[in-house]
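# Report on the structure
Here is how the chains run, residue by residue.
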2 protein chains.
Amino acid sequence: MKGAEALLRTLVAGGVDVCFTNPGTSEMQFVAALDRTPEMRAVLTLFEGVATGAADGYARMAGKPAATLLHLGPGLANGLANLHNAQRARVPLVNIVGEHATSHRQYDAPLTSDIAGYARQASGWVRSVSHVQTMGSDTAAAIAAATQAPGRIATLITPADCTWLEGAAPAAVSAPPPPARVDEATLQSVAAVLRRGEPVMLLLCGAALHEDALTDAGRIAAGTGARIAAATFFARLPRGAGRVALERLPYPIDQALEFLQGVRHLILIGADAPVSFFAYPGKPSWLTPPDAQLHILARPEHDLPDALARLAEAVNAPPKPLLQSFEPRALPAGALTPQAVCQAVAALLAEQCIVVEEALSSMMLAWDSTAAAAPHDWLVLTGGAIGCGMPVATGAAIACPHRRVLNLQADGSAAYTLQALWTQAREGLDVTTVLFANQAYRILELEYARTGAGEQPGPRAQQLLSLGKPDMNWTLLARGMGVPASRAATADEFNAALRAALATPGPNLIEAMI
Amino acid sequence: MKGAEALLRTLVAGGVDVCFTNPGTSEMQFVAALDRTPEMRAVLTLFEGVATGAADGYARMAGKPAATLLHLGPGLANGLANLHNAQRARVPLVNIVGEHATSHRQYDAPLTSDIAGYARQASGWVRSVSHVQTMGSDTAAAIAAATQAPGRIATLITPADCTWLEGAAPAAVSAPPPPARVDEATLQSVAAVLRRGEPVMLLLCGAALHEDALTDAGRIAAGTGARIAAATFFARLPRGAGRVALERLPYPIDQALEFLQGVRHLILIGADAPVSFFAYPGKPSWLTPPDAQLHILARPEHDLPDALARLAEAVNAPPKPLLQSFEPRALPAGALTPQAVCQAVAALLAEQCIVVEEALSSMMLAWDSTAAAAPHDWLVLTGGAIGCGMPVATGAAIACPHRRVLNLQADGSAAYTLQALWTQAREGLDVTTVLFANQAYRILELEYARTGAGEQPGPRAQQLLSLGKPDMNWTLLARGMGVPASRAATADEFNAALRAALATPGPNLIEAMI
């Protein structure tokens, strides 16, 4: 068997049956083997950042890795920003990168680069296949590495000759070891803190935000009076009516400091200790209040649902948490503001919708508005590398073909990876994009003063924070990529467009002129 | 003086007065300092790959570096593919990357990454500023490194605190050392080879393709009967009527082998020894014929024009080379084929046009068709990372505001960095894009069989080589980015559209439905 076929068959046998790709010459054997491996779904993207972001979105919703297939160093480089985000989301991902034939590297042909050097920056595991005979076992090792808790980017570099030569065989993939349980002493010491009656906050991330784990966190809150909060950025969070409501650590530095004020014990459960996103002159980087104690109940690689279940028992939490009730929202009227957009979203959100939010300057507004909407999942930018929203929405839709994806998308970030719209059209994905067209990097206008650059940008600085002159026309851009699109300039227009979009199969985009 | 201002003032004093950027929070001080440094022209791009590609195109035409300004590791990562191309083009480029404040890195905030690790893969020089006091001298060192022959990517990493603190001062930039002269013994031994009367080919790249150097190469050919050829990929080549005509090493492996057949002495002048772009089963990587001798007259870092001038004297070359005469072309008629597009381009090409060719499967057709057209410059993809054409065209237009840029652009590659169109619109650049809309990665269809993947792609493989379903609509995409666009489906339509486009100020795009 050729190496490429062993690679594909090992992936499929290991449960990795979706591949997001933009292949080149060195990956043609993989492409050819697709016709002999119908179990693998290959999804073409027009740009590698779409492929890696889609694999991230897929993993967040499917709970298992997709593969990518990228072309040499530059193809990998184009995917790195969204791999960075995926790594911060702690998802599993099998990142396959084609390489020159082993005998060809020495000649330094134009596309030669240090692929492993690129890969190391955004991978938890990197291996280059050296012989066709190990293609199967190397692929199995990549899947095992990717699926080890909490999830890793495993990059497998596949030289062209190792894909075209005969002599390979598929390998069996061993199940990943179960995540480590939190030891009893740690658990009891945190339970003791909770019993003291002092102001406590549980800060949750990763698997601590799975629905069952959240229920246990809600029970602990109900039994002890502890505040429960999500980290600012997380891979996926079930929320809305019928779910445990929780707070969320704000992004802006001053709001984050205020949020944590008065907390005496901050208990981390799969979350990192809160730090500011950027450094700002005269502001702290470390956000835990000086008079608060930090306790680590569980790290991301621990069995977080188990830890929360046991902690709930240890503090004799009541069997039921307080659940969010449904609060119907009226549709907005009048001018189309970011507030109006978020209000309409909250009013019209369909049950089990997957919301992918990369709205940046409207981030907290969108979050707050939808707290009591129909039950839904919320996915956000985890690593700060803008341009994840449209790709993540694409991958989430492939993972969950029977659920509508709603992508709340800032225009500046959308411009990074707008090619994702084409893949949504080709695959007929049920993705509705609400494009916040403010024709500016509004978030940078907010950040400008915080960095001590001055109170207001001068005219030349303002030019670099503006997306106007010319305004991008997202209706035309979406149609150019094959996605039906419309423009809404008033709340009424937006309400009607959103209602229609959510009810229409396939992708669509609403350009909200806010 | 704040660090950011010292950075900017040192750049400007060092002749670096154009900056292609997509800034973020950590670069706000640089943005603010623009209002105090009007000598610097800052050009906003919607994606970092546009910024780095534009800096490449600028350097090819201006003969001096532009700066970039990128946001942390992911911003750099997005720019790496075109930095790879720029490195292979051997252009000078000052690549400035913002970084977290020095005190902030330890907290591993979401955007933290190993910026130097990313940069090393596509830079000849990397330095991170450690103190605000050295901002000026570090910037001067970056410019010196970038401009050392033949040109390098110099990456300067600038922590945010080193830009916002006071205590910096601009530094003077020392002139780069002149390139080394080829030693006399080497020169005479190559002259002796030329005098032997055996079949000789001079293979030229880099500064050996500057107009004066080409004239000397043409004199050598006229005096000795040597063939003169350009490397397959080069940064810039003046050609057309009144210039020295030369051959070009073809890209396809079989054509390249045939091209070199019969050569007994291959003399490298700024060019690498020819190797195949990819490895193919059963084909050699090393293309120099087994019975040929390889001679290195000059490496890229040598003074190549000087070497050619001295070699011409050493072989008593005649004072004048044979020059290409102008051969007017008729306009094509009938169906719009790639041939018809190239014929119309040759017929209508304006004098001193800058042609940026990333037409891939139409690469040699475009080249051959225009050999006897009006005098022009020809710029190509140097590193094989597709998506350079539109950015390079953007940068070339900024370097040469009084010359029309004609971008011959394949659709699949264009989809990588279409955001460049927006910058062309914002800056009002005279760029005409001819978009070869064949709705396929045609080059991969050609490569498929060469890699031994099979004679014809199967139906599932074919899906990954096709850009159809849905077809991209480039007229809408260009208009969405603010660039006037039209579609041509016949040769007559294309002739009329191209004639109008070349005569209309500002950017425009013609979607050629081939």
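### Things to note about the relation of the copies chain B and chain A
Expressed as a screw transformation, the operator carrying chain B onto chain A has a rotation angle of 180 degrees and an axial translation of 0.0 Å, and the superposed copies differ by an RMSD of 0.0 Å. Both chain copies can therefore be described as sitting about a two-fold axis.

### Regarding the sheet that holds strand β7 (residues 200–204) of chain B
Residue and element names in this part refer to chain B. Read from one edge of the open sheet, 5 strands run β10-β8-β7-β11-β12, paired in parallel fashion. Where the open sheet ends on each side, the last strands, each with one partner, are β10 (247–248) and β12 (293–298). As judged from the 5 bridges shared by β7 and strand β11 (residues 265–269), these two strands associate in the parallel manner. In the strand pairing of β11, Val200 is matched with His265. Of the strands in this sheet, β7, β11 and β12 touch helix α8 (residues 184–195), which is tilted by about 135 degrees from β12.

### Here's the deal with the interface of chain B and chain A
Tallying the contact residues gives 97 residues for chain B and 97 residues for chain A. When the two sides are added together, the surface that chain B and chain A hide from each other amounts to roughly 8000 Å², 63% of it contributed by carbon and sulfur. Put simply, chain B and chain A have 2 salt bridges between them. In this structure, B:Asp108 and A:Arg88 form a salt bridge, with 2.8 Å as the shortest nitrogen-oxygen distance.

### Section: the packing of aromatic side chains
Applying the stated criterion across every chain yields a total of 20 aromatic pairs over all chains. Summarising the aromatic geometry, the rings of A:Phe233 and A:Tyr251 are spaced 6.3 Å apart at their centres and angled 65 degrees between planes, so their arrangement reads as edge-to-face. Residue A:Phe233 is found in the loop between β8 (227–230) and β9 (237–239), and its partner A:Tyr251 is found in the loop between β10 (247–248) and α10 (253–260); the two are separated by 18 residues along the sequence. Across the pair, exposure class does not vary: A:Phe233 and A:Tyr251 are buried alike. Three or more aromatic residues joined by ring pairs make a cluster, and in this case those are A:Phe233, A:Tyr251, A:Phe277, A:Phe278 and A:Tyr280. Geometry around A:Trp378 places A:Arg239 over its ring, the cationic atom sitting 4.8 Å from the centre. Cation over ring: B:Arg248 sits above B:Trp367, and NZ or CZ is 4.7 Å from the ring centre.

### As for the side chain of A:His376
With respect to the element layout, A:His376 can be found in strand β14 (residues 376–380). With residues up to four places along the chain from it excluded, the contact list for A:His376 reads A:Leu237, A:Pro238, A:Arg239, A:Gly240, A:Arg243, A:Leu349, A:Cys353, A:Val355 and A:Thr370.

### Here's the deal with the side chain of A:Thr158
One can find A:Thr158 in strand β6 (residues 153–159). Ignoring anything within four residues of it in the chain, the contact list for A:Thr158 reads A:Leu7, A:Ile96, A:Val97, A:Gly98, A:Glu99, A:Val129, A:Met135 and A:Thr163.

### A look at the packing of helix α1 (residues 3–13) of chain A against helix α6 (residues 135–147) of chain A
All names here are of chain A. Between α1 and α6, whose axes approach to 8 Å, the crossing angle comes to 30 degrees. α6 is crossed by α1, and the crossing has right-handed handedness. In contact with Gly3, Leu7, Thr10 and Leu11 of α1, α6 contributes Met135, Gly136, Thr139, Ala140 and Ile143. Considering only residue class, the contact of α1 with α6 consists of 5 nonpolar, 4 polar and no charged.

### So, the state of the cysteines
Residues and elements named next belong to chain B. Tallied over the entire structure, the rule returns 0 disulfides over all chains. Between Cys162, a free cysteine, and Cys19, which holds the nearest cysteine sulfur, the sulfur-to-sulfur gap is 18 Å. Given a relative accessible area of 2%, Cys162 falls into the buried group. No disulfide involves Cys388; its sulfur sits 14 Å from the nearest other cysteine sulfur, which is in Cys205.

### Digging into unusual backbone geometry
Cis rather than trans, the peptide bond between A:Lys469 and A:Pro470 has omega equal to -5 degrees. In this structure, A:Pro470 sits in the loop between α18 (459–465) and α19 (474–480). Backbone geometry at A:Gln439 places phi at a positive 55 degrees, although glycine is not the residue there. The backbone phi angle of B:Lys469 is positive, close to 55 degrees, even though this residue is not glycine.

### Things to note about the confidence of the model for chain A
Note: predicted coordinates in regions of low pLDDT should not be interpreted at a detailed level. Counting all residues, the mean pLDDT for chain A is 97, and 100% of those residues have values of 70 or more. Both scores are available for the predicted complex, with the pTM at 0.98 and the ipTM at 0.98.

Conventions used here
Residues numbered from 1 in each chain as written. Chains lettered and ligands numbered in written order. Predicted model: local features only at pLDDT ≥ 70, side-chain atom pairs only at ≥ 80, totals over all residues. Heavy atoms only, no water. Least-squares fit on C-alpha atoms with pLDDT ≥ 70 in both. Pairing = 2+ DSSP bridges. Helix = DSSP H or I, 4+ residues; strand = E, 2+ residues; numbered from the N terminus. Contact = heavy atoms within 4.5 Å. Axes fitted to C-alpha atoms, helices over the stretch in contact; angles between N-to-C directions. Buried area = accessible area lost by both parts, 1.4 Å probe. Salt bridge = Lys/Arg side-chain N within 4 Å of Asp/Glu carboxyl O. Phe/Tyr/Trp six-rings, centres within 6.5 Å; stacked < 30°, edge-to-face > 60°. Buried < 20%, exposed > 50% of the residue type's maximum accessible area, 1.4 Å probe, protein only. Lys NZ or Arg CZ within 6 Å of the ring centre and 35° of its normal. Left-handed = near helix turned anticlockwise from the far one by under 90°. Nonpolar A, V, L, I, M, F, W, Y, C, P; charged D, E, K, R; others polar. Disulfide = S-S within 2.5 Å. pLDDT = per-residue confidence, 0-100.

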